[in-house]
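Next come the chains, spelled out residue by residue.
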Amino acid sequence: NQEMAHSRVECTMFAKVPFTISRCQVLELIGTFVEDAILPRADVRLNRYEDLKNLTIAVPRGVNMSERFDRDASLRKVETKDYEQNARLLKFSRVDAALGVLDSMLLNVLKVGMKLTEIGTPLILSRHQVWVICVPGALSERQIEDIKQATRALREDGTIARIIGRYLNKLKSQKSPSVGG
């Protein structure tokens, strides 16, 4: 996370992946997950990994989702600045598909003016639980325990799910039947 790397924030919510495990202090599960996916245009069918062959895939700079995908030199990958550029390339059919965290990609597709009917069913590469993570050494033991306790309370009483649902349910209500299965 760039904000954490530049010490602008001490903690955030992020997927528990090798990068965060090696560089961050992982504190508490928040009770939700993210899906790493390849999001295609509506005219592109992705049923299995092999369907990626012969496609042009937008990949945001610095994003690593799957060791298999990251190391696959047979795939045609176009490096982009960010998720919004991925969405613009999809919108104007400059790429066949885009790599990223599914919910973030869907929000960016809407942001650039695409309709969800213009995208196809994503190919899910992996699924990760989301945790509260912090910059190592940035907080006292008391602060760490307070964050853990607060996160547990918010997770257990459903507050976190309601907050996330408020945003993602709006997105899901706009999805076409083909998006996400």
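Now for a description of the structure that goes with this document. Because the structure is a prediction, the values reported are computed rather than measured. (Residues numbered from 1 in each chain as written. Predicted model: local features only at pLDDT ≥ 70, side-chain atom pairs only at ≥ 80, totals over all residues. Heavy atoms only, no water.)

1. Things to note about the overall build of the chain
Assigned secondary structure in the chain consists of seven helices and six strands. Residue burial in the chain is summarised as follows: out of 181 residues, 41% are buried. Within the chain, residue pairs in contact and separated by at least 24 positions form 69% of the contacts whose partners lie at least 6 positions apart. With an accessible surface of roughly 10,400 Å², the chain has 49% of that area assigned to carbon and sulfur atoms. (Helix = DSSP H or I, 4+ residues; strand = E, 2+ residues; numbered from the N terminus. Buried < 20%, exposed > 50% of the residue type's maximum accessible area, 1.4 Å probe, protein only. Contact = heavy atoms within 4.5 Å. Areas by Shrake-Rupley, 256 points an atom, 1.4 Å probe, with all protein chains shown as cover.)

2. Observations regarding helix 5 (residues 102–111)
Looking only at helix 5, the buried set comprises Leu102, Met105, Leu106, Asn108 and Val109. Axial view of helix 5: buried residues confined to an arc of 165 degrees, hence all on one face. Taken from the residues just after helix 5, glycine 113 is the one with a positive phi, measuring 90 degrees. (Arc of directions from axis to C-beta.)

3. Things to note about the pattern of salt bridges
Between side chains of opposite charge, pairing is possible as soon as their charged atoms come close. If you walk through the whole model with that rule in mind, you get 14 salt bridges. The shortest N-O distance in the salt bridge between aspartate 146 and arginine 142 comes to 3.5 Å. Here aspartate 146 and its partner arginine 142 are both found in helix 6 (residues 141–156), four residues apart, which amounts to about one turn of the helix. Ionic pairing is found between glutamate 145 and arginine 152, a salt bridge with its closest N-O pair at 3.4 Å. Since its relative accessible area comes to 32%, glutamate 145 is described here as partly exposed. Given the relative accessible area of 26%, arginine 152 is considered partly exposed. Linked through salt bridges whose partners overlap, the residues forming this network are Glu28, Glu145, Arg152, Arg155 and Glu156. (Salt bridge = Lys/Arg side-chain N within 4 Å of Asp/Glu carboxyl O.)

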